[in-house]
Amino acid sequence: EEEMEEDDYGMSSPSSSSQSSFVATDSNTKALDLQSSKAAATVTKFSGSAPVMSSSRKNKEIGKTVTKIVGPIFAVCFTRETIRWNREQKNVDKGIEIMEQQRQEYL
């Protein structure tokens, strides 16, 4: 029967005498030996890690990523500036017409 001791936080834990009773046996060490297990031998990378890519493939992927990020930003800015320029040009044309009318009135 295990003796339970209460620690500083009021939690019960097995007494130190029962903790020291666990002795590693050959069967326990074989089960815990991850180096010799078949699963450890087949796993060469952490799960979710990126695939191995050549430097040219990495450069292509970087180019695609930059294009996908910068492309829409450039398109929106270009469209906005084109619309702004057209409106500004219309205002300049109106201003020139008004100046021509005023010149005709004064001369």
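Note that the structure is predicted; figures quoted are calculated from it, not measured.

### Some remarks on the pattern of salt bridges
Thinking step 1. Using the criterion set out here, one finds six salt bridges in the structure.
Thinking step 2. With its nearest N and O atoms 3.5 Å apart, the salt bridge here joins E81 to R80.
Thinking step 3. The exposure class assigned to R80 is partly exposed, which follows from its relative accessible area of 49%.
Thinking step 4. Between E100 and R103 there is a salt bridge, and its shortest N-O distance comes to 3.7 Å. Pair noted here: E100 and R103 are both in helix α4 (residues 55-106), with a separation of three residues, about one helical turn.
Thinking step 5. With a relative accessible area of 45%, R103 lands in the partly exposed category.
Thinking step 6. Among the ionic contacts, a cluster of salt bridges with common partners joins R80, E81, R84 and E88.

### Section: a nonpolar patch on the surface
Thinking step 1. A cluster of nonpolar side chains, contributed by I62, V66, I69, V70, I73, F74 and F78, occupies part of the molecular surface with about 720 Å² of accessible area.
Thinking step 2. Along the chain, V66 falls in helix α4.
Thinking step 3. The class of V66 is partly exposed, set by a relative accessible area of 44%.

Cut-offs used in this document
Residues numbered from 1 in each chain as written. Predicted model: local features only at pLDDT ≥ 70, side-chain atom pairs only at ≥ 80, totals over all residues. Heavy atoms only, no water. Salt bridge = Lys/Arg side-chain N within 4 Å of Asp/Glu carboxyl O. Buried < 20%, exposed > 50% of the residue type's maximum accessible area, 1.4 Å probe, protein only. Helix = DSSP H or I, 4+ residues; strand = E, 2+ residues; numbered from the N terminus. Patch = residues over 30% accessible without salt bridge, like charges linked within 9 Å, V, L, I, M, F, W, Y side chains within 5 Å. Areas by Shrake-Rupley, 256 points an atom, 1.4 Å probe, with all protein chains shown as cover.

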